[in-house]
Amino acid sequence: MAGAAGTTPPVFLVPELPEGEFATLDGEEAHHAVTVRRLRTGERLTLSDGHGGVADCVTVAAHPGRKPIVELRVVATRTVRAPALRVTVVQALAKGDRGELAVELATEAGADAIVPWRAARSVVRWDDGARTEKALGKWRGTARAAAKQARRAWLPEVAEPVTTRDLAAVLSEADLALVLDGDAQEGITEVPLPSEGELVLVVGPEGGVAPEEFAAFTAAGARRVRLGPTVLRTSTAAAVALGALGALTARWA
């Protein structure tokens, strides 16, 4: 969001940040650095633990092969604070690759967590364990790649899928819960937004949120809001809403 890709050093995710002056990058991240990014000696890169910890590094040497390794010198380490207002995106399951696109765009736009929702009108059904694990793995891989592309210090968690009943309980505990609805009387710019805490944003499937789901969410304290005069696809709605929330709150400050 802050700039085009390529203007800042690439980000590589690691389980934990190095403690000393020198470090090594191995595994899939080293393969990506050496084979895809083709990093050379002297080039800069950033290591992130996905939880706000960041290390700015310089490449000392890159060793390709079956088990590539990148030798690094750590220039500086820092901690990026999480936003005071945390936004969880609840994304209804969508057909084709639209669910993964929704995750990608929401991650780039700053979602702090993503929750798959088995909505009544979702065409896709994550009903059996094997299918759910495979689909959930794709969502998590998409979020990981998008976080790196966006140079994020925080990797959004992609939670286990929830039912409508589960989701109503989540909404009841939020500081503010918003359900996107193109027919809502209230616009997102008219809603008093908290400066901190937990905001949950619900995006329905292509067929829309069912009346009984709206009723359950409203009973849980959620507010129905519209983004604007146009109708957005389920794959793009969260990203647009996150952009609005970034401008309307201190999240982008």
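Keep in mind that this is a model prediction, so the values were computed, not measured. (Residues numbered from 1 in each chain as written. Predicted model: local features only at pLDDT ≥ 70, side-chain atom pairs only at ≥ 80, totals over all residues. Heavy atoms only, no water.)

A. A look at the domain arrangement of the chain. Taken domain by domain, the chain comprises domain 1 (11–79) and domain 2 (85–248). Taking only C-alpha atoms into account, the centre of domain 1 sits 32 Å from that of domain 2. Listed by partner, the interface residues are nine residues for domain 1 and seven residues for domain 2. Between domain 1 and domain 2, roughly 800 Å² of surface is buried when both sides are summed, and carbon and sulfur atoms account for 56% of that area. (Domains from an automatic or database assignment. Contact = heavy atoms within 4.5 Å. Buried area = accessible area lost by both parts, 1.4 Å probe.)

B. The arrangement of unusual backbone geometry in detail. At arginine 38, a residue that is not glycine, the phi angle is positive and equals roughly 55°. Despite not being glycine, arginine 151 shows a phi value in the positive range, around 60°. Counting through the fold element by element, arginine 151 comes out in the loop between α3 (129–149) and β8 (157–158). A residue is classified by how much of its surface remains accessible, and arginine 151, at 21% relative accessible area, is partly exposed. (Helix = DSSP H or I, 4+ residues; strand = E, 2+ residues; numbered from the N terminus. Buried < 20%, exposed > 50% of the residue type's maximum accessible area, 1.4 Å probe, protein only.)

C. Examining the nonpolar core more closely. Of all hydrophobic cores here, the largest spans 30 residues; its most connected members are Ile114, Trp139, Leu178, Leu180, Leu199, Leu201 and Leu242. Elements represented by at least two residues in this core include exactly β6 (85–92), α2 (98–108), α3, β9 (176–180), β10 (197–203) and α6 (234–248). With six residues, α6 is the largest single contributor of residues to this core. The contact partners of leucine 178, leaving out residues within four places of it in the chain, are Ile188, Val191, Leu199, Val200, Leu201, Val202, Arg223 and Val225. (Core = buried A, V, L, I, M, F, W, Y, C linked by side-chain atoms within 4.5 Å.)

D. How the structure looks around the UniProt feature "domain: Ribosomal RNA small subunit methyltransferase E PUA-like" (unreviewed entry) in the chain. Taking the numbering used here, the UniProt-annotated feature "domain: Ribosomal RNA small subunit methyltransferase E PUA-like" (unreviewed entry) corresponds to residues 25–58. Helix makes up 29% of residues 25–58 and strand 35%, and the two end C-alpha atoms of the span are 12 Å apart. (UniProt positions renumbered as here; feature names shortened; annotations may be inferred.)

E. Geometry of the environment of alanine 106. Counting through the fold element by element, alanine 106 comes out in helix α2. For the pair formed by alanine 106 and alanine 147, sequence separation is 41 residues and the distance between their alpha carbons is 9.8 Å.

F. Region of the structure containing the sheet that holds strand β3 (residues 44–48). Pairing is mixed in the open sheet, where five strands are placed in the order β1-β3-β4-β5-β2. Edge positions in the open sheet fall to β1 (11–13) and β2 (22–25), since each of these has one partner strand only. Taking the axes of each pair of neighbouring strands and ignoring which way they run, one obtains an average angle of 40° across the sheet. As paired strands, strand β4 (residues 53–63) and strand β5 (residues 69–79) are joined by 10 bridges and run antiparallel to one another. In the sheet register, cysteine 57 faces β5, and the bridge partner there is valine 74. (Pairing = 2+ DSSP bridges. Axes fitted to C-alpha atoms, helices over the stretch in contact; angles between N-to-C directions.)

G. Here's a closer look at the pairing of β6. Burial of β6 is extensive: seven of the eight residues sit out of reach of the surface. Sheet analysis places β6 next to β10, joined by seven bridges and oriented parallel. Bridge assignment links leucine 85 to a residue of β10, and that residue is glycine 197. In this structure, β6 lies alongside strand β7 (residues 113–117), joined through five bridges in parallel fashion. Counted as the bridge partner of valine 89 is isoleucine 114 from β7. Viewed along the sheet, the connection from β6 through α2 into β7 turns out right-handed. (Right-handed = clockwise from strand over helix to strand, strands pointing away.)

H. Region of the structure containing the sheet that holds β8. What the six strands build is an open sheet, ordered β8-β7-β6-β10-β9-β11; its pairing is parallel. Two strands lie at the open edges of the sheet, namely β8 and β11 (223–225), each paired on one side alone. As judged from the four bridges shared by β9 and β10, these two strands associate in the parallel manner. Paired with valine 179 across the strands is valine 202, a residue of β10.

I. Highlighting the packing of helix α4 (residues 164–173) against helix α5 (residues 211–219). Between α4 and α5, the least distance of the axes is 8 Å, while the angle of their chain directions is 30°. For the element pair α4 / α5, the angle class is roughly parallel. Between α4 and α5 lies a crossing whose hand is right-handed. Taking contact as the criterion, the partners of Thr164, Leu167, Ala168 and Leu171 in α4 are, on α5, Glu213, Ala216 and Phe217. Taken together, the residues of the contact of α4 with α5 sort by class into five nonpolar, one polar and one charged. (Parallel < 35°, antiparallel > 145°, perpendicular 65-115°, else oblique. Left-handed = near helix turned anticlockwise from the far one by under 90°. Nonpolar A, V, L, I, M, F, W, Y, C, P; charged D, E, K, R; others polar.)

J. Molecular detail of α6. With 15 residues, α6 should cover 21 Å at 1.5 Å per step; its first-to-last C-alpha distance of 22 Å lies within 8% of that length. Its buried side turned inward, α6 meets β6, α2, β9 and β10. (Expected span 1.5 Å × (residues − 1).)

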